Amino acid sequence: MIAYVLRRILLLVPIALVVGTVAFLLLHVIPGDPAAVMLGPEATPEQVAALRERMGLDEPLAVQYPRWLARLARLDLGTSIFLDKPVTEAIRERVGPTVQLALYALLIAVAVGVPAGVVAALHQDRLLDRALMLFAISGTAIADFFLAILLILLFSVTLRWLPSGGYVEFSVDPVGHFQSMLLPAMALGLSIAGLPARLVRSTLLEVLREDYIRTATAKGLDLEAVAFRHALRNALLPAVTVLGYALGDLLGGAVVVETVFGLPGMGQLVVNSIARRDFPVIQGVVMVFAGIYLLCNLLVDVLYVYLDPRVRYAGG
Amino acid sequence: MTSTPDQSTGAEPRRGGTLRVALTGEPPNLDLHQTTDSIVLLVTGHMYETLFTWDERYEPVPLLAESHEVSDGGRRILVRLRQGVPFHNGEEMRAEDVIASIERWGRVVGLGQGLMAVTESLTAVDPYAVEFRLREPFGTFPTALSRALQGCAIYPKSVLDRSDDTRLAEFVGTGPYRFVEWLPDRHILLERFDGYANPPGETSGYAGHKGQYLDQLEFIPVPNEASRVAGLRSGNYHYLETISTDHYPTLKDDPAVAVDLLPPDAWLNIVLNLRSPITGDLQIRRAIQLALDHEPIMQAAFGEDFYELTPTLLPGAAAWYSDAGADRFNPRQPDEARRLLESSGYDGSPLRILTTQEIQQEYNAAVVFKQQLEQVGFTVDLQVYDGATLSDLRDDETAWEAYLATASFRPDPVLRNLTCSATGWWCTPEKDELLAQLQTESDFEKRVEIWAQVQERFYEEVPRLKIGDARRILVRSPKLHGVGPTELQPDFSNAWLEK
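Residues numbered from 1 in each chain as written. Chains lettered and ligands numbered in written order. Predicted model: local features only at pLDDT ≥ 70, side-chain atom pairs only at ≥ 80, totals over all residues. Heavy atoms only, no water.

- For chain A, an unreviewed UniProt entry supplies the name Binding-protein-dependent transport systems inner membrane component and the organism Sphaerobacter thermophilus.
- Recorded in UniProt under Subcellular location (unreviewed entry), the annotation for chain A is "Cell membrane".
- UniProt annotates chain A under Sequence similarities (unreviewed entry) with the comment "Belongs to the binding-protein-dependent transport system permease family." (UniProt positions renumbered as here; feature names shortened; annotations may be inferred.)

Structural data, given as structure tokens:
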């Protein structure tokens, strides 16, 4: 087991290197440069060239790439062109809102999705089942920015219950914090809630057909008690692992939802950095996102081995 | 303290409150010298001041300057400074600060380079007076040193000593609001500067008395337009930077929103590349000019009620209005265009038009522009990019034949960059000579005449196509009053919020 985990961790290094190199090359072949963005729409080509030179942006790729690699080895992601601070610092400042958003969204997805799946399974093929599954599929199908705007129109513009955007830190004002995070978390959470809902429904249906369930119901226990006491625990296993993999969706969705709600997270940081061609920041966020994704996949795989003794990996 | 009753309500201004302004994005920096991006002027217009500014008739009047005297046939200009004007860091503004600021601006900004090119010496006569010795007259001196995008903000020398030509060490000015903090993607916060030295005279345009009623100005980046509008309707913001006129019908009946329809002050512009083998040919450019019907292009871009068709290149500045070249404006002669194109030897190479969907009205206009060109026999390659790519490609003379842009308000023609170095590369000696005269001449009537000649050449030589004037809508909370002029970005120095 330990050897297996170590081997998997070592494998992360070449994967991260490939991701980083591809991102680096892509960023440097696409047109657009920070000097032109900085100078605005009516700047002359001479002004842009002069600023590019002053900022040291005119160095060839062959100089920039090895330097980037050498820095990366020391976990130094360089300095942001616009924010005028180290990329690691810029990312550290933005991790908070994104992690909070992802966490709250995950909570909402589980809180809504798991009961919906259970109820649907217990009412299989009846109207309630159909309605819940339609709801689950709609949540997944509707683009999260559209859902976000619908939520704003309902809860901010019409009812005026919650703010339409902005971010309040938990340490400054806990109530304000949850008020500002509720709509974004709902937009993101509801868009992935369909995943646990459908998964719990189908695995629960499978489990409910198992012999031990039939025995339990034959002993006179009612179906709902059996479902909650015995079946659900077994049905949740695949849901947990799939939610781990869904983290990619969460991070991708966070980029969009943060932009709509103006949350100062990593998503907003990367979107703005792309618009202003702040290469070191884009590169840094790609590396961090890739790292999180790889670690989560690793964690899920390890959990699998741990939770289900039937799963054995070669050499494990 | 004097206070001006609000014209719309007649109510007395209320002191206090934080104004929340939703911006379309994050400014690239807070250095007015550095960028033509209007968002920077919107924020820093409250922090920094220039030697001169504009009154309500868009004539330059002193702001940090007290007066200026021109002598020696226009070759000597003495600027007297107001005394006792503090910077936000407590230092008093003096001649050395003004000289250091003008010198930096003269290295970084095109207009400043023009002024420095004719400047023999720039010296402090005493702590409150600077003297320019010029090789030739510079008639537009106060205009050049007035509020503008890339305007000559006066910074303390002590700050400039620690800065370089791309970066300011600190954001310190003399304006009515001082910089507090900038948390990227969260907000830029300014607060009332209690030590502000109010300029003499009644409020007029950007000039005169500043009420400083608001305690704080908070600028919040909200890139998503739907979020900006929702935020205003829910009372989260008081003012929106720019909003598409598409929202006008829904917003004008919403009691939670006040919408003002502004007179046209910007124009839709198709820039042609005079260094391209295709559009370098005057006959082909004329064919493009003749092919166009401006009405449908403007309708697609701005919608029915939000444009006007006039030939002036300075809409919003009535004193400069001219219909020189009007007979070539919106000619709608596709048959003539087709004939001209056939006789030009145009070989059917694609005309590359650059545009971006980030500015929806320019993209919409580009689509109609393409159709109209194809109808007279052009092959058109419409290339759609993101904003950063577009601004990069524009500088590459081999990459395009035309791109769409919106030319924003300018109170004076010398502030409209039509020089040979501007993208499109319109270089003819006669036009450059006229532009030089515009800069040196100080007599207003003569300058208007010279400008009309430039405009005439513009329509004759077709370096760009002026399609029409755009109206904007100003969207604010009904509780916000007293917003100053908006042509060179809104001024909140006299604005106030109802409780």
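**A closer look at the packing of helix 11 (residues 247-261) of chain A against helix 12 (residues 266-275) of chain A**
Residue and element names in this part refer to chain A.
- Helix 12 packs onto helix 11 with a crossing angle of 85° between their chain directions and a minimal axis gap of 7 Å. Classified by the interaxial angle, the pair formed by helix 11 and helix 12 is roughly perpendicular. Along the contact surface, helix 11 presents V255, E258 and T259, while helix 12 presents M266, G267, Q268, V270 and V271.
- Broken down by class, the residue content of the contact of helix 11 with helix 12 amounts to four nonpolar, three polar and one charged. (Axes fitted to C-alpha atoms, helices over the stretch in contact; angles between N-to-C directions. Helix = DSSP H or I, 4+ residues; strand = E, 2+ residues; numbered from the N terminus. Parallel < 35°, antiparallel > 145°, perpendicular 65-115°, else oblique. Contact = heavy atoms within 4.5 Å. Nonpolar A, V, L, I, M, F, W, Y, C, P; charged D, E, K, R; others polar.)

**Notes on the UniProt feature "transmembrane region" (unreviewed entry) in chain A**
All names here are of chain A.
- This chain's UniProt record puts "transmembrane region" (unreviewed entry) on residues 9-30, 101-122, 134-161, 181-200, 236-261 and 281-307.
- Taken end to end, residues 134-161 has its terminal C-alpha atoms 28 Å apart, with 82% of it in helix and 0% in strand.
- Note that residues 181-200 is 100% helix and 0% strand, and that its end C-alpha atoms are spaced 27 Å apart.

**Let's talk about the confidence of the model for chain B**
Residue and element names in this part refer to chain B.
- Considering every residue of chain B, the mean pLDDT works out to 93; 98% of them sit at 70 or more.
- Considering only residues more than four positions removed or in separate chains, one finds that residues 1-7, a stretch of pLDDT under 50, has 18 contacts.
- For this predicted complex, the interface confidence score (ipTM) comes to 0.81, while the overall pTM stands at 0.88. (pLDDT = per-residue confidence, 0-100.)

**So, the interface of chain B and chain A**
- Listed per partner, the contact involves 43 residues of chain B and 45 residues of chain A.
- Carbon and sulfur atoms supply 47% of the area that chain B and chain A bury against each other, a total of about 3,600 Å² over both sides.
- Between D392 of chain B and R52 of chain A there is a salt bridge, with the nearest N and O atoms lying 3.9 Å from each other.
- On inspection of chain B and its partner chain A, the count reaches 13 residue pairs in polar contact (both at pLDDT 80 or more). (Buried area = accessible area lost by both parts, 1.4 Å probe. Salt bridge = Lys/Arg side-chain N within 4 Å of Asp/Glu carboxyl O. Polar contact = N/O pair within 3.5 Å; in protein donor to acceptor, adjacent residues only side chain to side chain.)

**So, unusual backbone geometry**
Residue and element names in this part refer to chain B.
- Despite not being glycine, Q212 has its phi angle at roughly 50°, a positive value.
- By the secondary structure assignment, Q212 is in the loop between strand 9 (187-192) and strand 10 (216-221).
- Q212 gets classed as buried once you look at its relative accessible area, which sits at 9%.
- Positive phi is not limited to glycine here, since Q489 has a value of about 75°.
- Along the polypeptide, Q489 turns up in the loop between strand 20 (480-481) and strand 21 (496-497).
- On the accessibility criterion, Q489 (14% relative accessible area) is buried. (Buried < 20%, exposed > 50% of the residue type's maximum accessible area, 1.4 Å probe, protein only.)

**Thoughts on the environment of V125 of chain B**
Residue and element names in this part refer to chain B.
- Along the chain, V125 turns up in strand 6 (residues 119-126).
- Judged by relative accessible area, V125 falls into the partly exposed class, the value being 49%.
- Sequence-wise, V125 and R352 are 227 residues apart; in three dimensions their C-alpha atoms are separated by 55 Å.
- The contact partners of V125, leaving out residues within four places of it in the chain, are L78, V130 and E131.

**Looking at the domain arrangement of chain B**
All names here are of chain B.
- The assigned domain composition of chain B is domain 1 (14-47 + 175-262 + 473-499), domain 2 (48-167) and domain 3 (266-470).
- A C-alpha centroid distance of 31 Å is found between domain 1 and domain 3.
- Taken residue by residue, the interface counts six residues in domain 1 and four residues in domain 3.
- For the pairing of domain 1 and domain 3, the buried interface totals around 460 Å² over both sides, and the portion due to carbon and sulfur atoms is 78%.
- Sorting the residues of domain 1 by area buried against domain 3 places T245, E487 and L488 first, and these three jointly supply 72% of that buried surface.
- Linking domain 1 with domain 3 are zero salt bridges. (Domains from an automatic or database assignment.)

**Focus: the sheet that holds strand 13 (residues 266-272) of chain B**
All names here are of chain B.
- Overall, mixed pairing links the six strands, which are arranged 14-18-13-17-15-16 in an open sheet. In this open sheet, the two strands that pair with only one neighbour each are strand 14 (307-308) and strand 16 (380-385).
- Across six bridges, strand 13 lies against strand 17 (residues 402-407) in antiparallel orientation. Across the sheet, residue L268 finds its bridge partner in strand 17, namely T406.
- The strands that helix 9 (residues 294-302) touches are strand 13, strand 14 and strand 18 (464-470); relative to strand 18, the one it contacts most, it runs at about 55°. (Pairing = 2+ DSSP bridges.)

**What to know about the nonpolar core**
- Counting residues in each nonpolar core, the largest one holds 138 residues, and the members touching the most others are L51, F219, L373, F378 and F492 of chain B.
- If one sorts the elements of this core by residue count, helix 2 (residues 95-108) of chain B sits on top with seven residues.
- One finds M186, V270, V285 and M287 of chain A within the second-largest nonpolar core, a separate group that totals 50 residues. (Core = buried A, V, L, I, M, F, W, Y, C linked by side-chain atoms within 4.5 Å.)

**Thoughts on the side chain of R201 of chain A**
- Looking at the element boundaries, R201 of chain A is found in helix 8 (residues 174-208).
- What R201 of chain A contacts, discounting residues up to four positions off in sequence, is G117, A120, A121, Q124, D125, D129 and M133 of chain A.

**Thoughts on the sheet that holds strand 5 (residues 76-81) of chain B**
Residue and element names in this part refer to chain B.
- Strand order in this open sheet of four strands is 4-5-7-6, and the pairing throughout is antiparallel. Bordering the open sheet on either side are strand 4 (65-71) and strand 6, each of which pairs with just one other strand. Recorded for the sheet is a direction-independent mean angle of 15° between the axes of neighbouring strands.
- The sheet contact formed by strand 6 and strand 7 (residues 129-134) spans six bridges and is antiparallel. For D126, the partnering residue across the bridge sits in strand 7 and is A129.
- Here helix 3 (residues 110-118) sits on the sheet and contacts strand 6 and strand 7; the angle it forms with strand 6, its principal contact strand, is near 90°.

**Describing a nonpolar patch on the surface**
All names here are of chain A.
- Side chains of M1, I2, L6, I9, V240, L303 and Y306 sit close together on the surface and give an oily, nonpolar patch of about 720 Å² of accessible area.
- Looking at the nonpolar patch, the elements that each hand over two or more residues are helix 1 (2-29) and helix 13 (279-307).
- Per-element tally for the nonpolar patch: the top contributor is helix 1, with three residues.
- Relative to the elements of secondary structure, M1 occurs in the segment before helix 1.
- A relative accessible area of 41% places M1 in the partly exposed class. (Patch = residues over 30% accessible without salt bridge, like charges linked within 9 Å, V, L, I, M, F, W, Y side chains within 5 Å. Areas by Shrake-Rupley, 256 points an atom, 1.4 Å probe, with all protein chains shown as cover.)

**Side note on the state of the cysteines**
Residue and element names in this part refer to chain B.
- One pass over the structure, following the stated rule, counts one disulfide over all chains.
- One disulfide in the model links C420 with C427; its S-S distance is 1.8 Å. Between C420 and C427 the disulfide shows an S-S torsion of about 85°. By sign, it is right-handed.
- Residue C420 is classed as partly exposed on the basis of its relative accessible area of 27%. (Disulfide = S-S within 2.5 Å.)

**Quick word on the pairing of strand 8 (residues 177-183) of chain B**
- Sheet topology note: the strand 8 of chain B/strand 9 of chain B ladder contains six bridges and is antiparallel. In the sheet register, L183 of chain B faces strand 9 of chain B, and the bridge partner there is H187 of chain B.

**Brief notes about the pattern of salt bridges**
All names here are of chain B.
- Applying the stated rule across the entire model yields 36 salt bridges over all chains.
- E131 is the salt-bridge partner of R133, the closest N and O atoms lying 3.6 Å from each other.
- Given the relative accessible area of 31%, R133 is considered partly exposed.
- In this structure, E397 and R275 form a salt bridge, with 2.9 Å as the shortest nitrogen-oxygen distance. Of the two residues, E397 is situated in the loop between helix 12 (387-393) and strand 17 and R275 in the loop between strand 13 and helix 8 (282-291); the sequence distance between them amounts to 122 residues.

**Some remarks on the environment of A226 of chain B**
- By the secondary structure assignment, A226 of chain B is in helix 6 (residues 225-233).
- Distance in space between the C-alpha atoms of A226 of chain B and I243 of chain B is 9.4 Å, their sequence separation being 17 residues.

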